[in-house]
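Notes for the structure review
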Amino acid sequence: MAKFLVETFYNCSFKVTHYLDEVNEKELSNLEKRDDGKFEIINVKLDNRKTKSLEKGASNKDKKIVGKIDLTSDNPIKQNLVKENDENFVSKIQDTVNRRFSMPDRRKGYIQKATIGDHKVYLHTGEYEDGKIGEIFIDTSKEGELVKALMNNFAIAISLGLQYGVPLDEFVSAYVDTKFEPSGKVYGNDRILSASSILDYIFRELAISYLNREDLAHTPSIGSNSDKSKDIEGDVGDEQNQFLKIVKDITSKGFVRNNYKNKLVDLSDIRINLKGKK
């Protein structure tokens, strides 16, 4: 049975990055409501530590550990204590950074078929429970065994990078606008009309679907032009918010491209008679 309760407090600085089509007062005021921001921790510092006795008969005089340790002031134990905790904290961060977050056995995702020139490209994605992309598969037609093998192994490398924590926008910055054949007009994708290469097409599609990078799309998003849906967003009731949350949990984020309200059909008032005929 534990005798003491130790509470450690930290100060954390972080930033959230959003990609916007335009900057105005309405967009800025609704930033906190968006769920497509990129979260990044900048700095974490120890603040203080409180120790409480869990023993019923213990009094303040019997406590051998100071009730509060101020780690921000100059006191004799600050240097050793901060050093010890910083080392432990850094080691935990390093363990997390070097850890691979494996995909769940049953996962969400979507398949996008497109044609670039005479070449068909099938892009498969896999997502974590929260909708974050964790893997991709690339299938092509009219290619030799060497090209297919290279594309398959390239997809595995990208998937491993995503599972080890490499941000998707780093891959997008590296591969968008790469130029090699096949290239030209794209058929089968409603947001991308042309691509300078297969890699350019693939990472444009991923950026639009998972990063809301509308600047990389060639056609406007239905959701971004729907002012009506934005106006009523603040008037959504608790029941509908709960309903949308459930849908987000079970729907592929990449497939609906964050436009849940435009993709949903409300069937709450429809009753289906499941009784068989006698």
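Residues numbered from 1 in each chain as written. Predicted model: local features only at pLDDT ≥ 70, side-chain atom pairs only at ≥ 80, totals over all residues. Heavy atoms only, no water.

Bringing helix α5 (residues 198-210) into the picture now. For α5, built from 13 residues, the straight-helix expectation of 18 Å at 1.5 Å per residue is met to within 8% by its first-to-last C-alpha distance of 18 Å. With 13 of its 13 residues buried, α5 lies for the most part within the structure. Directly after α5, the chain includes N212, whose backbone phi takes a positive value near 55°. (Helix = DSSP H or I, 4+ residues; strand = E, 2+ residues; numbered from the N terminus. Expected span 1.5 Å × (residues − 1). Buried < 20%, exposed > 50% of the residue type's maximum accessible area, 1.4 Å probe, protein only.)

Here we come to the sheet that holds strand β5 (residues 119-127). The strand order β6-β5-β4-β7-β8 describes an open sheet built from five strands, whose pairing is antiparallel. Taken across any chain shown, the strands that pair with only one partner, and hence form the sheet edges, are β6 (133-140) and β8 (194-195). Where β5 meets β6, seven bridges bridge the pair, whose relative direction is antiparallel. Bridge pairing links V121 to T140 in β6. (Pairing = 2+ DSSP bridges.)

Geometry of a packed helix pair, given as the angle between the helix axes and the separation of the axes. One way to put it is that helix α3 (residues 145-163) packs onto helix α4 (residues 168-175) with a least axis distance of 9 Å and a crossing angle of 140°. Our classification of the angle between α3 and α4 gives oblique. For the pair α3 and α4, the contacting residues are F154, I158, G161 and L162 in the first and L168, F171 and Y175 in the second. Among the residues forming the contact of α3 with α4, the class breakdown is six nonpolar, one polar and no charged. (Axes fitted to C-alpha atoms, helices over the stretch in contact; angles between N-to-C directions. Parallel < 35°, antiparallel > 145°, perpendicular 65-115°, else oblique. Contact = heavy atoms within 4.5 Å. Nonpolar A, V, L, I, M, F, W, Y, C, P; charged D, E, K, R; others polar.)

Bringing the nonpolar core into the picture now. In terms of nonpolar packing, the biggest core is built from 32 residues, with I136, I138, L168, Y201, I202, F203 and L206 touching the most fellow members. Going through the elements one at a time, β4 (111-116), β5, β6, α3, α4 and α5 are the ones with two or more residues in this core. At nine residues, the largest contribution of residues to this core is made by α5. Beyond its immediate sequence surroundings of up to four residues, I202 is in contact with L123, I138 and M151. (Core = buried A, V, L, I, M, F, W, Y, C linked by side-chain atoms within 4.5 Å.)

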